[in-house]
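Here is what each chain is made of, one letter per residue.
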Amino acid sequence: KKGKDEAHQKAQKDSQSLTEQLQKHRQEMDVKVKQLETSQQDLQSKVDMKVKELETRNKEFAALQAQEVEAKNQVKQLQGQVKDEKDRVKAISKQLEENVLQQEVTDLKSKITKLSEEKKNIEEELRTAKSLYLGKADDQDLIQEME
């Protein structure tokens, strides 16, 4: 009976020792699980922050793309305006050139008229001088000879 009691006590001690080891192991596992949960939460927070950062970047990129499209449209519009202004400058230059030429024609006509008047005046003065020189001679042949 003594051997049985010893065996029973030994079995109880072994059982108690195994139970204690199991509890200790469970506690260690609980600590590891908590550490893993905490680590997972930290990682999830980091992932969430990265996702938000990427979403923000995507929004900023989309806004920049929209600005780029708007800028390109404005450039096209300005290019059209520049072309219109160049065409307008050409038209004005042509009109100015025509006006200058017209003014030159008017000036030349005016000079021709003045020169014609001067010619008439000189011819008249020449006739008068001839008449005086000839002493109002009636000899037409002499007058014609001088002309």
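Shown above is the structure to which this text applies.
Residues numbered from 1 in each chain as written. Predicted model: local features only at pLDDT ≥ 70, side-chain atom pairs only at ≥ 80, totals over all residues. Heavy atoms only, no water.

Enquirer: I tried to follow the overall build of the protein chain on my own but got confused; where do I start?
Expert: Looking only at helices and strands, the protein chain has 2 helices and 0 strands in total. By the burial criterion, 1% of the 147 residues in the protein chain qualify as buried. Of the roughly 14,200 Å² that the protein chain leaves accessible, carbon and sulfur atoms contribute 54%. (Helix = DSSP H or I, 4+ residues; strand = E, 2+ residues; numbered from the N terminus. Buried < 20%, exposed > 50% of the residue type's maximum accessible area, 1.4 Å probe, protein only. Areas by Shrake-Rupley, 256 points an atom, 1.4 Å probe, with all protein chains shown as cover.)

Enquirer: Hey, could you run me through the pattern of salt bridges in this one?
Expert: Side chains carrying opposite charge are able to pair once their charged atoms draw close together. Considering all chains together, one arrives at 7 salt bridges under this definition. Here Lys72 and Glu68 are joined by a salt bridge, their closest N and O atoms 3.7 Å apart. Of this pair, Lys72 and Glu68 are both found in helix H1 (residues 2-133), 4 residues apart, which corresponds to roughly one turn of the helix. A salt bridge links Lys119 to Glu123, with the nearest nitrogen and oxygen atoms 3.9 Å apart. One end of the pair is Lys119 and the other is Glu123, both in helix H1 and 4 residues apart, which spans about a single turn. (Salt bridge = Lys/Arg side-chain N within 4 Å of Asp/Glu carboxyl O.)

By themselves, these figures tell us nothing about what the structure is for.
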